[in-house]
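Structure at a glance
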Amino acid sequence: MEEDPTFDPDLIHSIFKSVWTRMALERERNEAADAMDNEAGPVNATSKKNRPTTANANALKLSCELLRLFITEAVQRAAAIAEAEGMTKIEATHLERILPQLLLDF
């Protein structure tokens, strides 16, 4: 039995780590700005920036599968729109037309 192609969990983990790092840096900047406004100093010494964010293997597999399903559904819906218009290629406008409902469905 052949499995459907999916995303590499290491790639998805790298993307997640990149986003988590960016969010942590943004949070630090916001806290620094708040600390300057507040003379009392930091409100909570055990903030989220001190705790690393991680994802276990099952969560990464599930994220890969959800991403695969989301993209497959987007392509199928966009292809239906393109076919209804008599086109053989999916264009950005087809994706733009299906995205609002797709996001509501997911």
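Right above here is the structure, for reference.
Here is a short report on the structure shown in this document. Predicted model only: the values in this text are computed from it and were never measured.

Rules behind the numbers
Residues numbered from 1 in each chain as written. Predicted model: local features only at pLDDT ≥ 70, side-chain atom pairs only at ≥ 80, totals over all residues. Heavy atoms only, no water. Helix = DSSP H or I, 4+ residues; strand = E, 2+ residues; numbered from the N terminus. Contact = heavy atoms within 4.5 Å. Phe/Tyr/Trp six-rings, centres within 6.5 Å; stacked < 30°, edge-to-face > 60°. Buried < 20%, exposed > 50% of the residue type's maximum accessible area, 1.4 Å probe, protein only. Axes fitted to C-alpha atoms, helices over the stretch in contact; angles between N-to-C directions. Parallel < 35°, antiparallel > 145°, perpendicular 65-115°, else oblique. Left-handed = near helix turned anticlockwise from the far one by under 90°. Nonpolar A, V, L, I, M, F, W, Y, C, P; charged D, E, K, R; others polar. Expected span 1.5 Å × (residues − 1). Bend = angle between axes of the 7 residues up to and from the residue.

1. Things to note about the environment of Leu 60
Structurally, Leu 60 can be placed in helix 2 (residues 57–84). Sequence-wise, Leu 60 and Leu 11 are 49 residues apart; in three dimensions their C-alpha atoms are separated by 9.7 Å. Those residues in contact with Leu 60 that sit more than four places away from it in its chain are Pro 9, Ile 12, His 13, Phe 16 and Ala 55.

2. Some thoughts on the packing of aromatic side chains
All chains considered together, the criterion is met by two aromatic pairs. Taking 5.7 Å as the distance between ring centres and 40° as the angle between the ring planes, the aromatic pair formed by Phe 16 and Trp 20 counts as tilted. Placement of both Phe 16 and Trp 20 in helix 1 (residues 9–37) is noted, with a separation of four residues, approximately one turn of the helix. On the basis of relative accessible area, Trp 20 is assigned to the partly exposed category, the value being 23%. Judged by centre distance (5.0 Å) and plane angle (85°), the rings of Phe 70 and Phe 106 are edge-to-face. Here Phe 70 is found in helix 2, whereas its partner Phe 106 is found in the segment after helix 3 (92–105), with 36 residues between them in sequence. The class of Phe 106 is partly exposed, set by a relative accessible area of 47%.

3. Structural notes on the packing of helix 2 against helix 3
Relative to each other, helix 2 and helix 3 sit at 135°, their axes nearing to 9 Å. The pairing of helix 2 with helix 3 is recorded here as oblique in orientation. As helix 2 runs across helix 3, the sense of the crossing is right-handed. On the side of helix 2, the interface is formed by Phe 70, Glu 73, Ala 74, Arg 77, Ala 78, Ile 81 and Ala 82, while helix 3 contributes His 94, Leu 95, Arg 97, Ile 98, Gln 101, Leu 102, Leu 103 and Asp 105. A breakdown of the residues in the contact of helix 2 with helix 3 according to their chemical character gives nine nonpolar, two polar and four charged.

4. Concerning helix 3
Look at helix 3: 20 Å from first C-alpha to last across 14 residues, which is about the 20 Å you get at 1.5 Å a residue. At Leu 99, helix 3 is deflected by roughly 45°, the largest bend along its length, and proline Pro 100 occurs up to four residues later in sequence. Those residues of helix 3 that sit buried are His 94, Ile 98 and Leu 102. Tucked inside the fold, the buried residues of helix 3 contact helix 2.

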